[in-house]
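Architecture at a glance
Residue strings, one per chain:
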Amino acid sequence: QVQLVESGGGLVQAGGSLRLSCAASGRTFSAYAMAWFRQGPGKEREFVAAIRWSGGSTWYADSVKGRFTISRDSAENTVYLQMNSLKPEDTAVYYCATRQSVSYYLRQRGVYDDWGQGTQVTVSS
């Protein structure tokens, strides 16, 4: 069991930046990967970015590639999402998640074992 707490969301103007944090506690030693998903108004929850805990390989949705960066601080059991050049379409509740065992389908919601409560990001135009 892993507990995840997201923070860092808020209201920002288009073109601005935010950095989201996700602090993990519990059996983080067993985590294979961590990821960020988001759910905008009236939309399905969608993949944003993922990172392998060991080795640090990363994956990004095409919509955020080049603007967002996922990273981890192993000593603090924390993952980050640096969001630059924000657009109104980035407005969503952002969730972090963990996958405990090996998976080759890290872009899919169903493979994740634990989820945080979410943090709201609103980008104004």
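Cut-offs and rules
- Residues numbered from 1 in each chain as written.
- Predicted model: local features only at pLDDT ≥ 70, side-chain atom pairs only at ≥ 80, totals over all residues.
- Heavy atoms only, no water.
- Pairing = 2+ DSSP bridges.
- Helix = DSSP H or I, 4+ residues; strand = E, 2+ residues; numbered from the N terminus.
- Axes fitted to C-alpha atoms, helices over the stretch in contact; angles between N-to-C directions.
- Salt bridge = Lys/Arg side-chain N within 4 Å of Asp/Glu carboxyl O.
- Buried < 20%, exposed > 50% of the residue type's maximum accessible area, 1.4 Å probe, protein only.
- Lys, Arg positive; Asp, Glu negative; His and termini not counted.
- Polar contact = N/O pair within 3.5 Å; in protein donor to acceptor, adjacent residues only side chain to side chain.
- Contact = heavy atoms within 4.5 Å.
- Phe/Tyr/Trp six-rings, centres within 6.5 Å; stacked < 30°, edge-to-face > 60°.
- Lys NZ or Arg CZ within 6 Å of the ring centre and 35° of its normal.

1. A look at the sheet that holds strand β8 (residues 78–83)
Within the open sheet, the four strands sit side by side as β1-β3-β8-β7. Their pairing is antiparallel. Edge positions in the sheet fall to β1 (2–7) and β7 (68–73), since each has one partner strand and no second. Each strand of the sheet is rotated relative to its neighbour by a mean of 15°, with strand direction disregarded. The pairing of β7 with β8 spans six bridges and is classified as antiparallel. When the sheet's bridge partners are listed, D73 is paired in β8 with T78.

2. Here we look at the environment of A14
Here A14 shows up in the loop between β2 (10–13) and β3 (18–26). With 76 residues separating them in the primary sequence, A14 and D90 have C-alpha atoms 9.4 Å apart.

3. Observations concerning the pattern of salt bridges
Any two side chains of opposite charge can pair if their charged atoms end up close together. The tally for this structure, following the rule as stated, stands at five salt bridges. For D90, the salt bridge identified is with R38, shortest N-O distance 2.9 Å. Remark: R38 occurs in strand β4 (residues 33–39) and D90 occurs in the loop between β8 and β9 (92–99); sequence separation between them is 52 residues. Using a relative accessible area of 0% as the deciding quantity, one classes D90 as buried.

4. With respect to the pairing of β8
Burial within β8 is extensive, with five of its six residues counted as buried. Here six bridges tie β3 to β8, and the two strands are oriented antiparallel to one another. Each bridged residue has a counterpart across the sheet, and for A23 the counterpart in β8 is T78. What sits between the antiparallel neighbours β7 and β8 is a turn of four residues, in which N77 has the positive phi angle 50°.

5. Quick word on the side chain of R99
Structurally, R99 is set in strand β9. D113 provides the closest opposite charge to the buried, unpaired R99, separated from it by 4.5 Å. One polar contact links the side chain of R99 to the main-chain carbonyl oxygen of S101, over a distance of 2.9 Å. R99 has contacts with A31, Y32, A33, L106, V111, Y112 and D113, leaving out every residue within four places of it along the chain.

6. Some thoughts on the packing of aromatic side chains
Tallied over the entire structure, the rule returns four aromatic pairs. Ring centres of F37 and F47 lie 5.6 Å apart, and the angle between their planes is 75°; this geometry places the pair in the edge-to-face category. Within this pair, whereas F37 is found in strand β4, its partner F47 is found in strand β5 (residues 46–52), the two being separated by ten residues in sequence. Residue F37 shares its accessibility class with F47, and that shared class is buried. Ring centres 5.3 Å apart and planes at 75° place the aromatic pair F37 and Y112 in the edge-to-face group. Here F37 is found in strand β4, whereas its partner Y112 is found in the loop between β9 and β10 (114–115), with 75 residues between them in sequence. Comparing F37 with Y112, the two get one shared label, buried. Following the ring pairs from residue to residue traces out a cluster consisting of F37, F47, Y112 and W115. If you follow R45 out to its NZ or CZ, it ends over the ring of W115, 4.9 Å from the centre.

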